[in-house]
Amino acid sequence: PTIYAITPTYSRPVQKAELTRLANTFRQVSRLHWILVEDAAARSELVTRFVAGAGLPCTHLHVPTPRRYKRPGLPRATEQRNAGLAWLRQRHQHLPPPQPGVLFFADDDNTYSLELFQEMRTTRKVSVWPVGLVGGRRYERPVVENGKVVGWYTGWRADRPFAIDMAGFAVSLQVILSHPKAVFKRRGSQPGMQESDFLKQITTVEELEPKANNCTKVLVWHTRTEKVNLANEPKYHLDTVNIEV
Ligand code: UGA
Ligand code: MN
C-alpha cells in the first residue's frame, strides 16, 4: 500500500528547515505520497518552490485557519488535516476497491524513524505505537496484553479515550473511505482531545492493532523546535540580495 502522509504547515522562520528535514526522511520511504497542507489563504512561493524540488510525490494544498481559532490553548491544524482528508476521499471516490493505502498525520516538526513506515504499512484498520518525548514523559504508549490494547501509559489527561498523540497512529485508506464523515472537529474539542475525537469516529480501543513490537519501541519522537532568536534582525532589509531562508 501507498502511505499518505498529511502534514499541516505554517509560515515561520524555521518552516523551510523543518520541511527539509521531513523531506529528507520521506524521500527514503518507498510509495509515500506527501500531502502538504499550508495554513494560509494561498499557496506560498516558498512551499511551492520547495515542493517542486522535494523529489517525492507531493500534493500541495492550502486552507487558512480562521482567525478566531488562532489562539493559545486551542487545537492546531484542524482545517488543514480535514483538507487532506477531503482530498484523499475525493481522489479515491471514483476508483473501485480495493484501494490499498495507509494514512498518517505527520506534523512538520516531529522526528520519524524509517522503521516506523515499515510498521504502519501493514495497518489493516487502525494501528498504534508509542511516541517519544510527549505528554510530560519520555514517552507515551498503548499498554498491550495478549496482542490487544488494554490501556494507556501516559502522564497527561489519562481520561482521554485514546490517550495518544497525532503521531501515534495510522489509518487504512479503506477505513477513511468507509467513514466519509469522520473529520477533526473544532466544536467542543479540548486541547489534546483531537486524536480521541477523531479516532472514536472510526474505531474502538479493542480494534486497535499494536505495532512496534507490541508497543514497546519508540519509532517517532514529538520533538519541538526552539523558537529562533531574531533579535539582531534589521528592521529594514539591509542585505544586497534577497535570500529565502
Ligand atoms: C501537539 C500535537 O502533536 C499536534 O498533533 C496537535 O495538532 C497540537 O498539539 C495541537 O495543539 O493541536 P504541538 O507540537 O504542540 O503538537 O503542535 P505544533 O507542532 O506546533 O503544530 C502541529 C502541526 O500543525 C504542525 O505540523 C504545524 O506546522 C501545524 N500548525 C501549527 C499549523 O498548520 N498552523 C498553526 O497555526 C500552528
Ligand atoms: Mn509539534
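Scroll up a little and you will see the structure.
Residues numbered from 1 in each chain as written. Chains lettered and ligands numbered in written order. Predicted model: local features only at pLDDT ≥ 70, side-chain atom pairs only at ≥ 80, totals over all residues. Heavy atoms only, no water.

**Observations concerning the overall build of the protein**
Regarding its fold elements, the protein presents 7 helices and 12 strands. With the C-alpha coordinates aligned to their principal axes, the bounding extent of the protein is approximately 65 × 45 × 35 Å. A total of 245 residues make up the protein; the buried ones form 48% of that total. For the protein, restricting intrachain contacts to residue pairs at least 6 apart in sequence, the fraction spanning at least 24 positions comes to 75%. By element, 53% of the accessible surface of the protein is carried by carbon and sulfur atoms, the whole surface being about 13,100 Å². (Helix = DSSP H or I, 4+ residues; strand = E, 2+ residues; numbered from the N terminus. Buried < 20%, exposed > 50% of the residue type's maximum accessible area, 1.4 Å probe, protein only. Contact = heavy atoms within 4.5 Å. Areas by Shrake-Rupley, 256 points an atom, 1.4 Å probe, with all protein chains shown as cover.)

**Digging into the side chain of histidine 33**
Along the polypeptide, histidine 33 turns up in strand S2 (residues 32-38). For histidine 33, the side chain forms a polar contact with the side chain of threonine 59, separated by 2.7 Å. Once you skip the residues sitting within four places of it in the chain, histidine 33 turns out to touch Thr2, Ile3, Tyr4, Ala5, Pro57, Cys58, Thr59, Trp87 and Arg91. (Polar contact = N/O pair within 3.5 Å; in protein donor to acceptor, adjacent residues only side chain to side chain.)

**Focus: the sheet that holds strand S4 (residues 101-105)**
Spatially, the 7 strands line up as an open sheet ordered S3-S2-S1-S4-S10-S6-S11, and their pairing is mixed. Looking at strand neighbours, the two that pair on one side only are strand S3 (58-62) and strand S11 (209-210), the edges of this open sheet. Note: S4 against strand S10 (residues 169-172), 3 bridges, orientation antiparallel. Paired with phenylalanine 104 across the bridge in S10 is alanine 170. (Pairing = 2+ DSSP bridges.)

**Side note on the coordination of the manganese ion (ligand 2)**
Looking at the metal site, the manganese ion (ligand 2) is ligated by Asp109 (OD) and Asp109 (OD), spaced 2.2 to 2.6 Å from it. Structurally, aspartate 109 is set in the loop between S4 and strand S5 (111-112). (Donors = N, O, S within 2.8 Å, 3.2 Å for Na, K, Ca; no water.)

**Digging into the site of ligand 1**
Around ligand 1 sit 18 residues, and of these Pro8, Asp39, Arg76, Asp107 and Asp165 come closest. Taking glutamine 194, its side chain carries an N or O atom lying 3.3 Å from an oxygen atom of ligand 1. Within the complex, the protein chains bury 87% of what would otherwise be the 690 Å² of accessible surface of ligand 1. Each residue belonging to the shell around ligand 1 can be placed in one class, and the counts come to 5 nonpolar, 3 polar and 10 charged. (Near = heavy atom within 4 Å. Nonpolar A, V, L, I, M, F, W, Y, C, P; charged D, E, K, R; others polar.)

**Some thoughts on the pairing of S4**
Of all the 5 residues making up S4, 5 are buried; the element is thus mostly covered by neighbouring parts of the structure. Side-chain alternation along S4 places Gly101, Leu103 and Phe105 on one buried face and Val102 and Phe104 on a second face that is also buried. For strand S1 (residues 2-9) and S4, the ladder comprises 5 bridges, and the chain directions are parallel. Paired with isoleucine 3 across the two strands is valine 102, which belongs to S4.

**A few points about the nonpolar core**
Counting 31 residues, the largest nonpolar core has Phe26, Trp34, Leu116, Phe117 and Met120 as the members making the most contacts within it. Broken down by secondary-structure element, the contributors of at least two residues to this core are S1, helix H1 (15-26), S2, helix H2 (45-52), S4, helix H4 (114-120) and strand S7 (131-134). Core analysis: the next-biggest nonpolar cluster, separate from the first, contains 30 residues, Ile35, Leu103, Phe169 and Cys215 among them. (Core = buried A, V, L, I, M, F, W, Y, C linked by side-chain atoms within 4.5 Å.)

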